[in-house]
Amino acid sequence: MTSYGERSIRIQRTRRTAPSRPKQKVYGPPPPTRDEECAQENDLIEILKSFGCFESYVELRHRENVVQRLESLFKEWLTEMCLQMNSPDIVPQKVGGKLVPFGSHHLGVASKGADIDVLCVGPGFLQRKDFFSSFVRKLKRQREVKDIRVIEEAFVPVVKLTFEGIEIDLVFARVARYRVPQEMDLLREDWLQGTDLHSVRSLNGYRVTEEILRLVPNVQNFRLALRTIKLWAKQRNIYSNSLGFLGGISWAILVARICQEYPNASASTLVTQFFKEYNMWKWPNPIMLRELKDCHFNLPVWDARVNLADRSHSMPIITPAYPMQNTAFNVTPSTLTIMKEEIQRGHTIACWSQLFEKPNFLRKYKHYVLLQATSATEEQHPAWVGLVESRIRHLVINLERNVLVTRAHINVQSYPECSTGNARAPVRTKWLIGLVFNEQGGRHLSIDLTPNLQRFSDIVHSVACRCQMFREGMSTSARYMSQKDFSWDLPQEPGRRVISEEPQPSVSTAAPSPTSHQATKRSRSPHSETSSKKFKSDEGPSEEVCLSQSKSGGLKRAHTPESESPSKRVRTDLLRPAET
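Within each chain, residue numbers correspond to sequence positions counted from 1 in written order. Since the coordinates come from a predicted model, pLDDT governs what is reported: local features require at least 70, and pairs of side-chain atoms require 80 or more to be given and counted, while whole-chain, interface and lining totals use all residues. Excluding hydrogens and water, the side-chain values take into account all heavy atoms of the structure.

- As recorded in an unreviewed UniProt entry, the protein chain goes by the name Poly(A) polymerase, listed as coming from Champsocephalus gunnari.
- UniProt positions are given in the numbering used here, feature names are shortened, and annotations may be inferred rather than shown by experiment. Of the protein chain, the UniProt comment under Catalytic activity (unreviewed entry) reads exactly: "RNA(n) + ATP = RNA(n)-3'-adenine ribonucleotide + diphosphate".
- UniProt, in its Function (unreviewed entry) section for the protein chain, records the words "Polymerase that creates the 3'-poly(A) tail of mRNA's."

Structure (structure tokens):
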């Protein structure tokens, strides 16, 4: 018999002589060391500082004081409304009220000069119209408040104002309760039961922001990575929800998902993985931070398995709070292609400075549509520009439906003209849409953009009339331009002239005065005349870009005081060289 000691020695010898396993092969570059990650992160922070992505302590305290001041005004207004309604004495004392910021301020990624999104929560016995009338009048009486305007027709009704130099977006929600305590947890789904749809949308702004912060494993790394992605999106002109790209909450959800996939990664690694993951992502597969959930409160919930309309969304990015919605609903095929190209570019770049380089929009395309919004005064212009800009996305969609247009790219940067010092001079803002045409239809193509541009002008006209926003001197116009029509590159500072002054054919619509609008109707005629003005290429196949200008009696031509007769028509054919 062998002793225990002899058996243990034999086992050890067997272990020593056992064949070793082959090492697993690792493909690609080795992962960065901890020191390399720290160096990359420090370089990233310095670049973000150079772009003004961080607020100073003084600026942050100023923002917090503004929010506190708005909260006290809102609670004062709730008490005043209870007294006006002859409520029992205990109601004004217990009504409470809650005001919380959301969006980039609540996420902790606000940059210098950024606005603040604020949610005001009131009791259910108040009417929504009271907030947009009585509370707005109270705000107008405050000397700190400037440039206040109400947009009740928006998807989420909002009050825009400037408070002590800081832009504020106020939204209102009322819950089915008689009092709103300060400690009220807005993440509880039962608060949504019996709440109107506008209030649910307003509440979801805060609820989605708070859920994102709770779902990411490391908030500090998430914030630094999100600051980087937001700066990159703004520099590359793909940061605008209203114009068909992605807004702040969509980019936050995309970054939060990368944080969930790599919980221990540094901020610089998260940015690298962001471009790698989404460069390979197969849209329209949805991005979700949690499983879909339906509380059966009879509220619309995004679910492509049930709703046929949701299957048509090009880029589903789903909110994590109930009722779950697609934050990228406005994305079009053209904007999706542009964002995919930018993500692919970001994936191939090795240094931070190249990542944030600005593109040259005037050198990217050969053909453009120039949109212009004109107002008579500076006071009217912000509201008019907001209305026109909110409808540009629909023009892009209509252009995409043209079989001869393969891409319509709206530049998110608008170009306001500089002030001439003359108080009576009109105020103008311009946008550019880059176009790529499809040449597969033949050697000589006639591309008529008139129906698309005229429909855009008609939609803006009808919406402005319905909102009673029209004032004398307001107008919109659209015209085709080629790359050679631009006199020089777009300037960095707003206000410098960037378009050559040579007259070009346009489709324009001017606002009638409020007194004459009720008595005028817009008529159409299928006939048009053709002018002799043509631009013809010297070589290669050619196509025609036609802009037919059709006006009806009683409508004024943009920038001219006289009205046009129904028989006056202008049609211009622009012969241009084919794309290479």
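After that view of the structure, there is still more to cover.
**Some points on the overall build of the protein chain**
Step number 1: The way it works is that DSSP assigns letters per residue, a run of H or I at least four long becomes a helix, a run of E at least two long becomes a strand, and they are numbered from the N terminus. Secondary structure assignment for the protein chain yields 14 helices and 14 strands.
Step number 2: Burial status follows relative accessibility: with a 1.4 Å probe on protein chains alone, a residue under 20% of its type maximum counts as buried, one over 50% as exposed, and anything between as partly exposed. A buried classification covers 49% of the 580 residues belonging to the protein chain.
Step number 3: Should any heavy atoms of two residues lie within 4.5 Å, those residues are counted as being in contact. Sequence-distant contacts, at least 24 apart, represent 73% of the contacts inside the protein chain between residues at least 6 apart.
Step number 4: Surface accessibility in these figures is a Shrake-Rupley result with a 1.4 Å probe; residues are shielded only by whichever protein chains are displayed. Carbon and sulfur atoms make up 50% of the accessible area of the protein chain, which amounts to about 30,000 Å² in all.

**Examining the packing of aromatic side chains**
Step number 1: Working definition: rings of Phe, Tyr and Trp (its six-membered ring) pair if their centres are within 6.5 Å, and the pair is stacked with planes under 30 degrees apart, edge-to-face with planes over 60 apart, and tilted otherwise. Going through the model one piece at a time under the given rule, you end up with 22 aromatic pairs.
Step number 2: Through a chain of ring-to-ring contacts, the aromatic side chains of Trp232, Trp251, Phe274, Phe275, Tyr278, Trp281 and Trp283 assemble into a single cluster.
Step number 3: Over the ring of phenylalanine 155 we find arginine 201, and its NZ or CZ is 3.8 Å from the ring centre.
Step number 4: In our convention, an over-ring charge means Lys NZ or Arg CZ found within 6 Å of a ring centre and within 35 degrees of that ring's normal. Over the aromatic face of tyrosine 239 sits the side chain of lysine 234, whose NZ or CZ is 5.0 Å from the ring centroid.

**Some words on the pairing of strand β5 (residues 166-175)**
Step number 1: Across the ten residues of β5, eight count as buried, placing the element largely inside the fold.
Step number 2: In terms of strand pairing, strand β2 (residues 116-123) meets β5 through eight bridges, oriented parallel. When the sheet's bridge partners are listed, glycine 122 is paired in β5 with arginine 174.
Step number 3: Strand pairing is defined by DSSP finding a minimum of two bridges between the two strands. Note that strand β4 (residues 158-163) and β5 share five bridges and pair antiparallel. When the bridges of β5 are listed, leucine 161 appears paired with isoleucine 168.

**Regarding the side chain of serine 111**
Step number 1: Mapped onto the elements, serine 111 comes out in the loop between α5 (104-107) and β2.
Step number 2: Contact partners of serine 111, with chain neighbours within four places excluded, come to Gly52, Cys53, Glu55, Arg63 and Lys234.

**As for the packing of helix α8 (residues 219-235) against helix α10 (residues 267-280)**
Step number 1: Taken N-terminus to C-terminus, the directions of α8 and α10 make an angle of 50°; their axes are 8 Å apart at the nearest point. As judged from the angle between their axes, α8 and α10 are oblique. Handedness of the crossing formed by α8 with α10: right-handed. In this structure, α8 uses Asn221, Leu224, Ala225, Thr228, Ile229 and Trp232 to contact α10, whose residues at the interface are Ala267, Leu270, Val271, Phe274 and Phe275.
Step number 2: Among the residues making up the contact of α8 with α10, the classes are represented as nine nonpolar, two polar and no charged. Axis definition: a line fitted to C-alpha atoms, limited for helices to the stretch in contact. Angles are taken between N-to-C directions and run from 0 to 180 degrees. Between 65 and 115 degrees an angle is taken as roughly perpendicular, under 35 as roughly parallel, over 145 as roughly antiparallel, and anywhere else as oblique. Two helices that cross are described as forming a left-handed crossing if the nearer one is turned anticlockwise from the farther one by less than a right angle, and a right-handed crossing if clockwise. Residue classes follow a fixed rule: Ala, Val, Leu, Ile, Met, Phe, Trp, Tyr, Cys and Pro count as nonpolar, while Asp, Glu, Lys and Arg count as charged, and any other residue, Gly among them, counts as polar.

**A few points about the nonpolar core**
Nonpolar side chains tend toward joint burial in soluble globular proteins.
Step number 1: Residues belong to a common nonpolar core when they are buried Ala, Val, Leu, Ile, Met, Phe, Trp, Tyr or Cys residues joined through side-chain atoms within 4.5 Å. Counting 92 residues, the largest nonpolar core has Phe222, Trp232, Trp251, Phe274 and Ile433 as its most contacted members.
Step number 2: Those residues in contact with isoleucine 433, other than ones at most four positions away along the chain, are His367, Tyr368, Val369, Leu371, Leu395, Val396, Leu399, Ala408, His409 and Ile410.

**Re the pairing of strand β1 (residues 98-102)**
Step number 1: Counting buried positions along β1 gives five out of five residues, so the element sits mostly inside the fold.
Step number 2: Alternating residues of β1 divide into Lys98, Val100 and Phe102 and Leu99 and Pro101, and every residue in both groups is buried.
Step number 3: Bridge count between β1 and β2: five bridges; the pairing is antiparallel. Residue pairing across strands places valine 100 opposite leucine 119, the latter belonging to β2.

**A look at the pattern of salt bridges**
Step number 1: Salt bridge, as used here, is a side-chain nitrogen of Lys or Arg placed within 4 Å of a carboxyl oxygen of Asp or Glu. Tallying each qualifying case throughout the model produces 17 salt bridges.
Step number 2: The partner of arginine 69 in a salt bridge is glutamate 144, and the shortest N-O contact between them spans 3.9 Å. With arginine 69 in helix α3 (residues 57-84) and glutamate 144 in the loop between α6 (128-140) and β3 (145-151), this residue pair connects regions lying 75 residues apart in the sequence.
Step number 3: Judged by relative accessible area, glutamate 144 falls into the buried class, the value being 15%.
Step number 4: The network of salt bridges with shared partners includes Glu76, Glu80 and Lys138.

**A short note on helix α2 (residues 34-50)**
Residue pairs three or four apart in sequence face the same way in an α-helix, which turns once every 3.6 residues.
Step number 1: One less than the number of residues in a helix, times 1.5 Å, gives the span that helix is expected to have. For α2, built from 17 residues, the straight-helix expectation of 24 Å at 1.5 Å per residue is met to within 8% by its first-to-last C-alpha distance of 25 Å.
Step number 2: Taken as a whole, α2 has its buried residues at Glu37, Glu41, Leu44, Ile47 and Leu48. One side of α2 carries all its buried residues, which in axial view fall inside an arc of 125°. Facing away from the buried side of α2 by over 90 degrees, the exposed positions are Asp35, Lys49 and Ser50.
Step number 3: Lining the buried residues of α2 we find α8, α10 and α12 (352-355).
Step number 4: One or two steps after α2, the chain reaches glycine 52, where phi turns positive at roughly 70°. What the arc covers is the set of directions going from the helix axis to the C-beta atoms.

**So, helix α7 (residues 197-215)**
Step number 1: Taking 1.5 Å as the rise per residue, α7 with 19 residues should run 27 Å; its terminal C-alpha atoms sit 25 Å apart, in good agreement.
Step number 2: Approximately 30° is the largest bend angle found in α7, and it occurs at asparagine 204.
Step number 3: Counting buried positions over the 19 residues of α7 gives 14, a clear majority of the element.
Step number 4: Two N or O atoms count as a polar contact when they lie within 3.5 Å, although within protein this holds only if one can serve as hydrogen donor and the other as acceptor, and sequence-adjacent residues are included solely when both atoms are side-chain atoms. Near the N-terminus of α7, the side chain that reaches the backbone nitrogen of histidine 198, with its oxygen 3.3 Å away, is that of aspartate 196. Two axes are fitted around each residue, one to the seven residues ending there and one to the seven starting there, and the angle between them is reported as the bend at that residue.

**Examining the sheet that holds β5**
Within a sheet, adjacent strands bond to each other through the backbone by hydrogen bonds, running parallel or antiparallel.
Step number 1: Strands sit in the order β1-β2-β5-β4-β3 across an open sheet of five strands; the sheet is mixed. The strands lining the two open edges of the sheet, one partner per strand, are β1 and β3. Neighbour-to-neighbour, the strand axes of the sheet open up by a mean angle of 25°, direction not taken into account.
Step number 2: Each of β2, β3, β4 and β5 is contacted by α6, which is oriented at about 145° to β5, the strand it contacts most.

**A few points about the side chain of serine 134**
Step number 1: Assignment of secondary structure puts serine 134 in helix α6.
Step number 2: Sequence-distant contacts of serine 134, defined by excluding residues within four places in its chain, comprise Trp77, Met81 and Lys129.

**Description of the environment of threonine 429**
Step number 1: For threonine 429, the location among the structural elements is in strand β9 (residues 427-437).
Step number 2: A relative accessible area of 5% means that threonine 429 is categorised as buried.
Step number 3: With 48 residues separating them in the primary sequence, threonine 429 and histidine 381 have C-alpha atoms 8.7 Å apart.
Step number 4: With residues near it in sequence (within four places) discarded, threonine 429 still touches Leu371, Gln372, Ala373, His381, Val385, Ser414, Tyr415 and Pro416.
Step number 5: A polar atom in the side chain of threonine 429 sits 2.7 Å from the side chain of histidine 381.

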